[in-house]
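For reference, the chains in residue letters:
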There are 2 protein chains.
Amino acid sequence: MKNIKTYIDTAMGRKNGDFILKGGSIIDVFTGEIFTSDIIVQNGVICGVGNYSGSNEVDVSGKYVMPGFVDTHTHIESSMCTPSEYAKAVMPHGVTTVIADPHEIANVCGIDGLDYMRIASENIPLDVKLMLPSCVPATPFEHSGAAITAHETQTAIKDFHGIGEMMNYPGIISCDSEALGKLCGDIIDGHAPLLSGNELNAYISAGVKTDHECSIVNEMNEKIRKGMYILLREGTLSLDIAKLIKGVTPHTLRRCAFCTDDRFVGEIIREGSIDHCIRKAVSYGINTVDAIIMATLNACEIYGLKNKGAIAPSYAADIVIADDLSLNKISKVYKDGILVCENGQALFTVEKTDNSTVTDTVHLPTITADFFNQDLSDSITAIELIPQSIITKKVTARKTDNLSKVCVIERHKKLGTKGIAYVTNYNITKGAIASSIGHDSHNIIVIGDNNSDMALAVNALGKSGGITVCSDGKIIASMRLDIAGLMSTKSAEEITAEHDALYNAAKALNINENIDAFLSLAFLPLPVIPEIRITDSGLFDVTTFKFI
Amino acid sequence: MKNIKTYIDTAMGRKNGDFILKGGSIIDVFTGEIFTSDIIVQNGVICGVGNYSGSNEVDVSGKYVMPGFVDTHTHIESSMCTPSEYAKAVMPHGVTTVIADPHEIANVCGIDGLDYMRIASENIPLDVKLMLPSCVPATPFEHSGAAITAHETQTAIKDFHGIGEMMNYPGIISCDSEALGKLCGDIIDGHAPLLSGNELNAYISAGVKTDHECSIVNEMNEKIRKGMYILLREGTLSLDIAKLIKGVTPHTLRRCAFCTDDRFVGEIIREGSIDHCIRKAVSYGINTVDAIIMATLNACEIYGLKNKGAIAPSYAADIVIADDLSLNKISKVYKDGILVCENGQALFTVEKTDNSTVTDTVHLPTITADFFNQDLSDSITAIELIPQSIITKKVTARKTDNLSKVCVIERHKKLGTKGIAYVTNYNITKGAIASSIGHDSHNIIVIGDNNSDMALAVNALGKSGGITVCSDGKIIASMRLDIAGLMSTKSAEEITAEHDALYNAAKALNINENIDAFLSLAFLPLPVIPEIRITDSGLFDVTTFKFI
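Residues numbered from 1 in each chain as written. Chains lettered and ligands numbered in written order. Predicted model: local features only at pLDDT ≥ 70, side-chain atom pairs only at ≥ 80, totals over all residues. Heavy atoms only, no water.

Draft legend 1. The arrangement of the environment of Val 395 of chain A in detail. All names here are of chain A. With respect to the helices, strands and loops of the structure, Val 395 is situated in strand S19 (residues 392-398). By relative accessible area, Val 395 is classed as buried at 15%. Spatially, the C-alpha atom of Val 395 lies 9.8 Å from that of Glu 531, the residues being 136 residues apart in sequence. Ignoring anything within four residues of it in the chain, the contact list for Val 395 reads Ile 380, Thr 381, Ala 382, Glu 384 and Thr 424. (Helix = DSSP H or I, 4+ residues; strand = E, 2+ residues; numbered from the N terminus. Buried < 20%, exposed > 50% of the residue type's maximum accessible area, 1.4 Å probe, protein only. Contact = heavy atoms within 4.5 Å.)

If you want it as structure tokens, here you go:
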């Protein structure tokens, strides 16, 4: 009640307020209009929109004032940053809240990973709403570092905002009791590419509320019609906004928001985050204010974030100030009434979080070249990579084709499992690349054209994990990913520079220019994406759901 | 989880479902479109929208299928019915949920009144979400039957859906601690006619979320812009839809819903309830589907009613089937999957609720004619009634003008307080009317041109209360209102007939035809409506907020 009295007194002009934003053009997410007014803020809350003056005025005349943006679905791990560095990257772009699913670290470190992400998110100005991952491990066709059961889910849910993307839609539809047992909490995120008809009815009947996997407007329309919220995604690999924006109509607008899902920090720094989604949507024909409504009010409604997502009395003072409606120059970002970013720079520093429970996660014996020995018959089943896609093709190849050898090695519990296969279209020459990022179990994946470079690349990962590029018996580039083998402890800028150096080094290996040398590897072990995959348990046919 | 499995099995067609609505034209509140599909329902929940067939099909081809309507703000007491009879009246019109503020009975019976309304609402198919009245008594200028303090409010709130209309906006703005102490719960309804600027900012900063008192579009726009939800009202006296519908735009649509506030059951039977609001809105130019969206999805979003307000999987099977889009012929109403109304008739019966704590609420000594004696000077301050309005005018009248004498008598605690005044423009002749409905404290109000008929009319109310019409020493019409002196225990049809008979009887008294003989009386004691009022404490000037 003491707070309410302060808000009322501030609104009435009886108290000064912490500051007054003077004369800005306010994006009104309720009416869709833009109007000029002052805003008074006290104790992190907007108390009044009207005529205010006082000793602490900030002139924002000529600038646009709007609510902070919300990323409705993201895996922070995919940025390769710790939560604090992630915050420093996204907040200058106007993002003040993210709905984060720590699915990747959970597959490596289990509950320890979730605890780390929670603690690391606590002392940063970014509002991180953590969802409890629902699919750890993602499939039974690989060995992950941890498992979270239905029973553990029901206990843990109290510390989370909701249930993260329920990818196991076959389990839901077939009433698998472990899958159903994980359906708890206030909101359940979905993940159901191309699911339709009665199967979609069943999935939604189970209580799933969102989907970020639509690839065509018809799919989006059916899901909206059946009550789902659609999160339009623009990440690093998945670029869906151009395809889906026609599905956003005056009626369906309120059912749509934006997300990035997986986005590398270098792209956040260079291109933006949700501000980039807004620009992309606008470039495909939607009105700017409508795109901002999706990024703010809608996102907050979907995730039950009360008193957030608008510039109005009683709303949290999460405020973005932009020089123009392109949002290319965001001059100020306030979080709960605190100025946290100015002219593209984060103004905050964060104490390091203890990471001792989530480091040194790679457990391997020393690998020798003969670890990768395998007899090769003349005709073999191989994985064909497809340019600009994470889909693969199951092909029959000959021993004499330009084949790259790939191996996935279990790295969590020293189980000694490995799968070896051959890839066409990658064309690596005189070298090898190894990585501890391999969705979703994040075992070690290594690819090369000779066993000794492959062994060198894997051994160079050490206990920390990371990415290494080797050629001719030498390590020519490497990046440590100390946190779970997924995230670096360095700054966003350093990570971006190291990552650029990896790509430069890879060029020396003559890898097919139309294939992303690292992302194509990261998704090769994911046994839910067509058509053929390699896990630590062997070569897997996604069409028949059987090992080959 | 057992339920979820049943829903999934039903959606997949592995279970039959309780029934299938076959081939209806479904109003899609998400896309704004109308499409043809089947609907399968199990255990009160819609499990699938698609192609279904089974042994329990209901052919609704050629008919329109839509979610049940929600009345977002109503005082059931104003229908003059008990909750069960109210349900029988509104449900055939497609209303399946009401947000009810039992403010009237609370002013008479306090917590007992709230308990009665809760118990009486429990066993009816209508979903009654009770709000805890925030203003009991409504003002300090009269004596009510009960008071509910801030302290009591904070204890009681756990049993209510939210806080009922906070009419005491001056108290909020001035930070009155009793008023602020009542601001608790998940949603706080507002009531702030013409409040604007910084005062409106202050009121909203306190956490008030809705307003149903807008009278012009500009007022509505400012309130929407500042984050309020607007409940467009069409009651018995207050007809706001025609004035406000222009404020409903593609953007503001989601911020708007319908309510009736105060609506007599006779009008519900003859004209409808929320279905009438939809027709009215459509007649003033809004699209029918948009009006239905206001009456369903929007209302449910505003009041946090999850999984209600749409025809989609996982939503409650509150379903209205109408022969055409005029909604004049609603052929079926389902509540939680149960057929509760057919062709305008309620199919349910309800056991009577024990009402012993809320009856015999009129406590008066026997009144004699000289109770109303008062010396009259040549020039007096009088109340002028204004046709088709509850606003009054403060005028100076002469002894020789056609004056009606009005008296408000405290009836709750035998305090012996009374206020006598004179009314112009009512013109009652050779008779008197007495009533136990007098907003908001519901003391006895009596009006007449002679003391003996006035005494007869008051005495005839008995302990139960009600309305009586007397002429020339005889009771010519009367209606018992056993529950708190506000609601009849009879059926909706009987109440309507008795009420018609009262109006017929009143005609014999030559009352000004442009003045509503009964409603004008009911609002004469309400000391918050301009310009001059009479309470049991005396004649009150609403402009100066002082007794005369």
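Okay, back to it.
Draft legend 2. Quick look at the environment of His 363 of chain B. Residues and elements named next belong to chain B. Residue placement: His 363 occurs in the loop between strand S17 (345-346) and strand S18 (379-385). For the pair His 363 and Asn 450, spaced 87 residues apart in sequence, the C-alpha to C-alpha distance is 23 Å. The contacts of His 363, once residues within four sequence positions are left out, are Glu 410, Arg 411, His 412 and Lys 414.

Draft legend 3. Local environment of the nonpolar core. Judged by nonpolar contacts, the single largest core of 287 residues is most densely connected at Ile 433 of chain A together with Ile 433 of chain B. Formed by 17 residues, the second largest nonpolar core is a distinct cluster that contains Phe 372, Met 454, Ala 457 and Cys 470 of chain A. (Core = buried A, V, L, I, M, F, W, Y, C linked by side-chain atoms within 4.5 Å.)

Draft legend 4. The state of the cysteines, seen in detail. Under the criterion given, the structure shown has 0 disulfides over all chains. Counting only cysteine sulfurs, Cys 47 of chain B is the nearest neighbor of Cys 175 of chain A, a cysteine outside any disulfide, at a range of 11 Å. (Disulfide = S-S within 2.5 Å.)

Draft legend 5. View of the interface of chain A and chain B. Across the contact, 62 residues belong to chain A and 62 residues belong to chain B. Around 4,800 Å² of area is buried between chain A and chain B when both sides are counted, 56% of it from carbon and sulfur atoms. One can count 8 salt bridges joining chain A with chain B. Note that Arg 255 of chain B is salt-bridged to Glu 301 of chain A, the shortest N-O span being 3.7 Å. Between the two partners, chain A and chain B, sit 22 residue pairs in polar contact (both at pLDDT 80 or more). Taken together, the elements giving at least two residues each to the side of chain A that touches chain B come down to helix H1 (2-11), strand S3 (45-50), helix H6 (169-173), helix H7 (177-181), helix H8 (197-205), helix H9 (217-225) and helix H13 (288-302) of chain A. (Buried area = accessible area lost by both parts, 1.4 Å probe. Salt bridge = Lys/Arg side-chain N within 4 Å of Asp/Glu carboxyl O. Polar contact = N/O pair within 3.5 Å; in protein donor to acceptor, adjacent residues only side chain to side chain.)

Draft legend 6. Examining the relation of the copies chain A and chain B more closely. In the superposition of chain A on chain B (RMSD 0.1 Å, axial shift 0.0 Å), the rotation amounts to 180°. On this basis, the relationship between the two copies can be described by a two-fold rotation axis. The rotation axis passes nearest to the C-alpha of Pro 250 of chain A in chain A, at a distance of 3.1 Å. Counting the interface residues of chain A, we find that 100% of their copies in chain B are interface residues as well, pointing to one common contact surface. (Least-squares fit on C-alpha atoms with pLDDT ≥ 70 in both.)

Draft legend 7. Summary view of the pattern of salt bridges. Using the criterion set out here, one finds 64 salt bridges over all chains in the structure. A salt bridge links Lys 22 of chain A to Asp 38 of chain A, with the nearest nitrogen and oxygen atoms 3.1 Å apart. Of this pair, Lys 22 of chain A sits in strand S1 (residues 19-27) while Asp 38 of chain A is found in strand S2 (residues 34-42), placing the two residues 16 residues apart along the sequence. A salt bridge links Glu 85 of chain B to Lys 88 of chain B, with the nearest nitrogen and oxygen atoms 3.0 Å apart. Of this pair, Glu 85 of chain B and Lys 88 of chain B both sit in helix H2 (residues 83-90), 3 residues apart, which is roughly one turn of the helix. Judged by its relative accessible area of 11%, Glu 85 of chain B is buried.

Draft legend 8. Quick peek at the packing of helix H12 (residues 274-283) of chain A against H13 of chain A. Residues and elements named next belong to chain A. Here H12 crosses H13 at 145°, and the two axes come no closer than 9 Å. In the crossing of H12 with H13, the sense of the turn from one axis to the other is right-handed. Together, Ile 274, Ile 278, Ala 281 and Val 282 of H12 and Thr 288, Ala 291, Ile 292 and Ala 295 of H13 make up the contact between the two elements. Of the residues in the contact of H12 with H13, the class split is 7 nonpolar, 1 polar and no charged. (Axes fitted to C-alpha atoms, helices over the stretch in contact; angles between N-to-C directions. Left-handed = near helix turned anticlockwise from the far one by under 90°. Nonpolar A, V, L, I, M, F, W, Y, C, P; charged D, E, K, R; others polar.)

Draft legend 9. Spotlight on the sheet that holds strand S26 (residues 532-535) of chain A. All names here are of chain A. Taken in spatial order, the 3 strands make up an open sheet running S26-S27-S28, and their pairing is antiparallel. With one partner strand each, in any of the chains shown, S26 and strand S28 (546-547) form the two edges of the open sheet. As judged from the 4 bridges shared by S26 and strand S27 (residues 538-541), these two strands associate in the antiparallel manner. Bridge pairing links Arg 533 to Phe 540 in S27. (Pairing = 2+ DSSP bridges.)

Draft legend 10. Geometry of the sheet that holds strand S20 (residues 403-409) of chain A. Residue and element names in this part refer to chain A. Read across the open sheet, the 8 strands follow the order S19-S18-S21-S20-S23-S22-S24-S25; overall the sheet is mixed. Here the strands that pair on one side only, and so sit at the sheet edges, are S19 and strand S25 (474-480). Within the sheet, the average angular offset between the axes of one strand and its neighbour, ignoring direction, is 25°. When strand S22 (residues 431-435) meets strand S23 (residues 444-448), the two strands line up antiparallel, connected through 4 bridges. The residue bridging Ala 434 from the neighbouring strand is Val 446, located in S23. Packing against the sheet, helix H14 (residues 451-460) makes contact with S20, S22, S23, strand S24 (466-471) and S25, and its axis sits at approximately 30° to S22.

Draft legend 11. Just the pairing of strand S13 (residues 256-259) of chain B, in detail. All names here are of chain B. By the alternation rule, side chains of S13 split into Cys 256 and Phe 258 and Ala 257 and Cys 259, which are all buried. By the bridge criterion, 4 bridges tie strand S12 (residues 229-233) to S13 in an arrangement that is parallel. Bridging from a neighbouring strand, Arg 233 pairs with Cys 259 of S13.

Draft legend 12. Local environment of H9 of chain A. All names here are of chain A. Among the residues of H9, Glu 219, Met 220, Glu 222, Lys 223 and Ile 224 are the ones counted as buried. Tucked inside the fold, the buried residues of H9 contact H8, strand S11 (210-211), strand S12 (229-233), helix H10 (241-244) and strand S13 (256-259). Directly after H9, the chain includes Gly 227, whose backbone phi takes a positive value near 100°.

Draft legend 13. Highlighting the confidence of the model for chain A. Predicted confidence across chain A gives a mean pLDDT of 96, with 100% of residues reaching 70 or more. Overall fold confidence (pTM) sits at 0.96, and the ipTM for the predicted complex is 0.95. (pLDDT = per-residue confidence, 0-100.)

Draft legend 14. Structural detail: the side chain of Arg 263 of chain A. All names here are of chain A. Examined against the element boundaries, Arg 263 turns out to sit in the loop between S13 and helix H11 (265-271). What makes Arg 263 buried here is its relative accessible area of 3%. A distance of 2.9 Å separates a polar atom in the side chain of Arg 263 from the backbone oxygen of Gly 235. Among the polar contacts listed, one links the side chain of Arg 263 to the side chain of Glu 271, at a separation of 2.8 Å. Setting aside anything within four residues of it in sequence, one finds Arg 263 in contact with Ser 78, Ser 79, Glu 234, Gly 235, Thr 236, Ile 268, Glu 271, Gly 272, Ser 273 and His 276.

Draft legend 15. Just unusual backbone geometry, in detail. The peptide bond linking Val 136 of chain A to Pro 137 of chain A adopts the cis configuration, its omega dihedral lying at 0°. Tracing the sequence through the fold places Pro 137 of chain A in the loop between strand S8 (127-132) and helix H5 (150-156). Pro 530 of chain A connects to Glu 531 of chain A through a cis peptide bond whose omega is 10°. The residue Gln 388 of chain B is not glycine, and still its phi comes out positive at about 50°. Within the element layout of this structure, Gln 388 of chain B appears in the loop between S18 and strand S19 (392-398).

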